[in-house]
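Close look at the chain arrangement
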Amino acid sequence: MSSPSPFSVQRFIAIVVKEFIQMGRDRVTFGMMVGIPLIQLVLFGFAINTDPKHLPVAVLMADQGAQSRTLLEAMKNSRYFEFVREVHSEAEAQEALSQGAVQFVVNFPVNFSRDLLRGDRPVLLVEADATDPASTSNAMGSLNKVLEQALKHDLKGPLAFLDTSAGGAVDLRIHARYNPEAITQYNIVPGLMGVVLTMTMVMITALAITRERERGTMENLLSMPTRPFEVLLGKIIPYILIGYIQVALILLAAHFLFQVPMMGDLGLLLLGVFVFITANLAMGITFSTLAKNQLQAVQLSFFFFLPSLLLSGFMFPFRGMPVWAQTLGEVLPLTHFLRVVRGIMLKGNGLHETMGHLWPVALFAAVVLTIGVKRYRQTLD
Amino acid sequence: MNAMNNHLVIDVKDMTKQFGGRRVVDHIGLQVRPGEIYGFLGPNGSGKTTFIRMLCGLLKADEGSGTCLGYDVIRDSEEIKLQVGYMTQRFSFWEDLSIAENLDFVARMYGIKKRREVVSQSIERLGLTGRQRQLAGQLSGGWKQRLALAACLIHNPKLLLLDEPTAGVDPKARRDFWEQIHQLAAEGLTFLITTHYMDEAERCDRLAYIAYGRLLANGTVAEVIDSAHLTTWSVKGPDLQKLTLELRHKPGVQHAVAFGSMLHVSGGDADELERSIAPYRKSPYEWTLIRPGLEDVFIHLMGQSQDNFAS
Ligand SMILES: Nc1ncnc2c1ncn2[C@@H]1O[C@H](COP(=O)(O)OP(=O)(O)O)[C@@H](O)[C@H]1O
Ligand SMILES: [Mg+2]
């Protein structure tokens with residue numbers, strides 16, 4: 001007889017079938033998987049506001065005059081805005097905004113300074129990514145005041161005749177993009193999809209192997225000719241289905257309960273969901289190779305869930321967090337997934353923009369699953 | 001290499017396993033021939049399960065070498081697993097799967113051809129045709145044991161490792177079970193079975209006795225008994241309890257143990273034993289010199305090894 005192959009489709013199917021049957025018999029867990037998203041939807045009917053500063057701004061500068069530079073300087077000094085790049089066309093500005101690279105685009109039109117000095121009330125267009133209203137509202141609110149003070153300082157002596165009061169010398173126009181009415185549910189509900197998936201997917205698979213070990217069935221499984229990859233992957237597959245059930249529930253609630261728009265492509269969203277679910281299941285299954293018992297498995301899941309909740313930009317606006325927290329947040333799949341869901345649902349992002357946020361999630365899944373396969377012990381030692 | 005080139009199904013030596021610095025299995029060697037039913041005996045915690053787990057690659061041996069079914073017992077555990085059926089001490093099939101689902105899972109895992117047919121035949125042989133959809137967790141001890149054995153046999157293994165297969169099973173089921181074992185052995189299967197029951201030990205072709213991780217005796221029942229060089233007297237009479245207490249501390253009496261209505265008094269030195277019991281060899285007691293049974297020998301071996309460990 002030949003030695004067992006490194007990966008057998010048949011053994012893999014055997015595990016998948018077994019897991020599906022066991023999942024079907026475990027009514028309590030199944031109920032929880034459906035119940036948790038519903039409870040969360042109800043609980044998170046409110047949002048948490050904070051006051052993030054240093055929001056990245058792109059500037060589209062078509063004017064060469066001194067006044068536009070003064071106003072830019074004043075915005076910087078307000079600490080709400082940080083000019084990270086200069087764009088040279090409206091298209092470029094749109095791309096930066098939809099990718100989430102910047103929160104605002106400030107648009108100084110041609111001859112802005114000249115028109116200002118003539119008293120022609122030139123238009124100053126500020127476009128904001130208002131997907132997450134909590135992170136932009138304060139900055140936008142401050143804008144009028146900032147401009148007013150800058151102009152008051154600048155327009156002295158012979159220019160004092162220009163009206164510097166709000167809405168005076170400059171015609172400030174703010175376009176809140178993607179979520180113009182600043183409805184927090186628009187932001188929360190799609191985000192909730194990521195939170196619920198993180199919470200349930202990680203935990204349910206974290207228990208998968210520890211349960212086999214605690215029930216003594218692991219000894220039986222290990223005495224059969226099976227390979228780590230078959231077991232781990234086989235245990236992940238059925239839960240992808242559960243994940244999609246949760247996603248369907250949340251999408252239905254988003255549509256019918258909260259009237260959240262769906263600007264982008266549903267198929268693309270479901271693809272993003274697939275990558276994200278896989279990443280979380282991989283995390284869970286890897287936890288379950290580390291945990292000694294089911295309690296430890298649950299603890300590890302929470303250890304992962306809490307930073308995901310706090311540092312991903314779900315609880316607090318991502319840009320309002322200190323740099324170290326943002327760096328940590330960038331590692332977590334939820335952070336990127338939030339950008340994917342919000343991007344697709346609220347901004348109508350396409351494949352190109354979505355991919356930019358999806359590959360870190362895929363990378364995370366691959367790395368974590370590799371660790372899991374390495375950690376999975378073929379013996380009872 | 002395969003089993004054909006090697007006469008022995010199991011041929012290992014110096015198998016050793018430590019847990020936290022304690023040698024749980026201590027240089028045990030074992031030779032098992034094809035078609036043999038080999039009994040593996042020893043008190044709880046003596047290392048039987050650990051030894052079996054090393055044989056089928058579930059635990060890494062710290063030391064030891066040899067072959068199992070012709071494969072290297074240390075390196076080739078994946079090959080060994082394909083041809084070994086291992087029945088764990090504790091029922092380890094999935095209690096939330098039905099009988100049929102458990103068998104089907106095992107059949108898939110081993111890549112059995114004509115899987116459905118094999119599974120339904122197995123269910124039929126089990127006598128569970130009507131109950132195949134019952135969950136394994138709802139079965140009684142005896143039925144669980146039957147299911148486990150059937151599952152271990154699905155892939156036509158050459159060697160079966162059965163770890164206390166009859167613990168907690170009623171006498172009738174135990175008898176049926178052994179009948180099946182003998183039948184399978186006659187068909188050429190080889191068995192290594194751990195047990196605590198003396199009647200089961202006596203049904204084995206050969207056996208090994210281990211305590212504290214060490215092999216104390218092995219061979220056929222007769223060989224094991226002879227090698228102990230034990231003299232045993234059987235006593236009948238009233239108030240044997242009192243006699244037991246009095247005899248226990250006499251020189252040459254290694255143990256005095258009740259067997260039903262009789263008392264077995266044994267010792268390694270026949271003459272000294274005879275001198276010590278002389279005062280009691282009168283009415284109302286009735287003394288007979290008997291051939292020691294397996295249990296006398298095991299109690300004796302246990303006592304000896306305890307002394308060794310104490311010193
Ligand atoms: N995984 C383990 N870790 C630590 N100690 C163990 C482990 N498995 C078994 N032991 C210890 O090894 C000894 C032998 O156990 P075992 O092989 O189960 O004996 P038996 O099957 O003869 O009753 C026992 O003292 C047990 O506590
Ligand atoms: Mg045991």
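Residues numbered from 1 in each chain as written. Chains lettered and ligands numbered in written order. Predicted model: local features only at pLDDT ≥ 70, side-chain atom pairs only at ≥ 80, totals over all residues. Heavy atoms only, no water.

Topic: the overall build of chain B
- In terms of regular secondary structure, chain B is built from 11 helices and 14 strands.
- By principal-axis analysis of the C-alpha atoms, chain B measures approximately 70 × 45 × 35 Å.
- For chain B, the residues scored as buried account for 54% of the 311 residues in total.
- Across chain B, every contact between residues at least 6 apart in sequence was considered, and the portion connecting residues at least 24 apart equals 70%. (Helix = DSSP H or I, 4+ residues; strand = E, 2+ residues; numbered from the N terminus. Buried < 20%, exposed > 50% of the residue type's maximum accessible area, 1.4 Å probe, protein only. Contact = heavy atoms within 4.5 Å.)

A few points about the overall build of chain A
- Along the backbone of chain A there are 14 helices and five strands.
- Dimensions along the principal axes, computed over C-alpha positions, put chain A at roughly 95 × 40 × 35 Å.
- In chain A, which comprises 381 residues, the share counted as buried stands at 55%.
- A separation threshold of at least 6 residues defines the contact pool for chain A, and within that pool the share at least 24 residues apart is 82%.
- Of the roughly 16000 Å² of accessible surface on chain A, 64% is carried by carbon and sulfur atoms.
- In chain A, the 30 positive side-chain charges and the 28 negative ones have mean positions that sit 8 Å from each other. (Areas by Shrake-Rupley, 256 points an atom, 1.4 Å probe, with all protein chains shown as cover. Lys, Arg positive; Asp, Glu negative; His and termini not counted. Charge placed at Lys NZ, Arg CZ, Asp CG, Glu CD.)

Overview of helix α1 (residues 9-25) of chain A
- The end-to-end C-alpha distance of α1 of chain A is 24 Å, a good match for the 24 Å that 17 residues give at a rise of 1.5 Å each.
- What α1 of chain A keeps buried is the set R11, F12, A14, I15, V16, K18, E19, Q22 and M23 of chain A. (Expected span 1.5 Å × (residues − 1).)

Section: the domain arrangement of chain A
Residues and elements named next belong to chain A.
- Domain annotation of chain A identifies domain 1 (55-177) and domain 2 (184-380).
- Taking only C-alpha atoms into account, the centre of domain 1 sits 39 Å from that of domain 2.
- On the domain 1 side of the interface with domain 2, the three residues burying the most area are S98, Q99 and T131, jointly 47% of the side's total.
- The tally of links between domain 1 and domain 2 comes to one salt bridge. (Domains from an automatic or database assignment. Buried area = accessible area lost by both parts, 1.4 Å probe. Salt bridge = Lys/Arg side-chain N within 4 Å of Asp/Glu carboxyl O.)

What about the sheet that holds strand β4 (residues 123-129) of chain A?
Residues and elements named next belong to chain A.
- Ordered by their spatial adjacency, five strands build an open sheet running β2-β1-β3-β4-β5, and the pairing between neighbours is mixed. Of all strands in the sheet, those with a lone pairing partner are β2 (81-87) and β5 (171-177), marking the two edges. Looking at each pair of strands side by side, their axes are set apart by 25° on average, direction ignored.
- Pairing geometry for strand β1 (residues 55-61) and β2, over six bridges, is parallel. Bridged to L60 within β2 is V87.
- Contacts from helix α3 (residues 66-77) reach β1, β2 and β3 (104-108) within the one sheet, and its direction differs from that of β2 by about 135°.
- Packed on one face of the sheet, helix α4 (residues 90-99) meets β1, β2, β3, β4 and β5 and runs near 135° to β2. (Pairing = 2+ DSSP bridges. Axes fitted to C-alpha atoms, helices over the stretch in contact; angles between N-to-C directions.)

What to know about the coordination of the magnesium ion (ligand 2)
Residue and element names in this part refer to chain B.
- The coordination sphere of the magnesium ion (ligand 2) contains the protein donors T49 (OG1) and Q89 (OE1), at a distance range of 1.9 to 2.2 Å. One end of the pair, T49, is in helix α1 (residues 48-55); the other, Q89, is in the loop between β6 (84-87) and α3 (99-109), with 40 residues separating them in the sequence.
- The class of T49 is buried, set by a relative accessible area of 17%. (Donors = N, O, S within 2.8 Å, 3.2 Å for Na, K, Ca; no water.)

Thoughts on unusual backbone geometry
All names here are of chain B.
- Note the cis peptide between S283 and P284, where omega equals 5°.
- When you line up the elements, P284 lands in the loop between α10 (270-277) and β14 (286-290).
- The backbone of H27 sits at a positive phi, close to 50°, despite the residue not being glycine.
- Of note in the backbone geometry, D239 takes a positive phi value of approximately 45° without being a glycine.

Let's talk about the side chain of D129 of chain A
All names here are of chain A.
- Turning to its location among the elements, D129 is positioned in strand β4.
- Using a relative accessible area of 5% as the deciding quantity, one classes D129 as buried.
- Excluding anything up to four places from it in sequence, D129 contacts L97, V102, Q103, T136, R177, Y178 and K347.

Regarding the nonpolar core
- In terms of nonpolar packing, the biggest core is built from 149 residues, with M193 of chain A together with I10, L103, L161 and F191 of chain B touching the most fellow members.
- Looking at this core, the element that brings in the most residues is helix α7 (residues 184-215) of chain A, giving 16 residues.
- Among all residues touching M193 of chain A, those that are not within four sequence positions of it are V247, I250, L251, L269, V273, F337 and V341 of chain A.
- In terms of nonpolar packing, the next biggest core, distinct from the first, is built from 29 residues, L55, V106, F108 and L124 of chain A among them. (Core = buried A, V, L, I, M, F, W, Y, C linked by side-chain atoms within 4.5 Å.)

Things to note about the site of ligand 1
Residues and elements named next belong to chain B.
- Within the structure, ligand 1 sits among F19, R22, V24, P43, N44, G45, S46, G47, K48, T49 and T50.
- G45 places a polar main-chain atom, nitrogen or oxygen, 2.7 Å from an oxygen atom of ligand 1.
- Where the shell around ligand 1 is concerned, the elements lending two or more residues are β2 (22-32) and α1.
- It is α1 that contributes the most residues to the shell around ligand 1, three residues altogether.
- Across the shell around ligand 1, the residue classes break down as three nonpolar, six polar and two charged. (Near = heavy atom within 4 Å. Polar contact = N/O pair within 3.5 Å; in protein donor to acceptor, adjacent residues only side chain to side chain. Nonpolar A, V, L, I, M, F, W, Y, C, P; charged D, E, K, R; others polar.)

Some words on the domain arrangement of chain B
- Here chain B is described as being made up of domain 1 (5-224) and domain 2 (231-291).
- Look at where the C-alpha atoms of domain 1 of chain B and domain 2 of chain B centre, and you get two points 39 Å apart.

Describing the interface of chain A and chain B
- Listed per partner, the contact involves 32 residues of chain A and 29 residues of chain B.
- Here chain A packs against chain B, burying approximately 3000 Å² in sum over the two surfaces, 58% of which is carbon and sulfur.
- For chain A, the biggest contributors to the area lost against chain B are R25, E219 and M224 of chain A; these three give 18% of the whole.
- Remark: the boundary between chain A and chain B carries four salt bridges.
- With its nearest N and O atoms 2.8 Å apart, the salt bridge here joins R53 of chain B to E219 of chain A.

Let's talk about the pairing of β4 of chain A
Residues and elements named next belong to chain A.
- Burial analysis of β4 places six of its seven residues in the buried class, which makes it a mostly covered element.
- The sheet contact formed by β3 and β4 spans four bridges and is antiparallel. Bridging from a neighbouring strand, V106 pairs with V126 of β4.
- Strand direction decides the pairing type here: β4 and β5, joined by seven bridges, are parallel. Residue pairing in the sheet places V123 in a bridge with D171 of β5.

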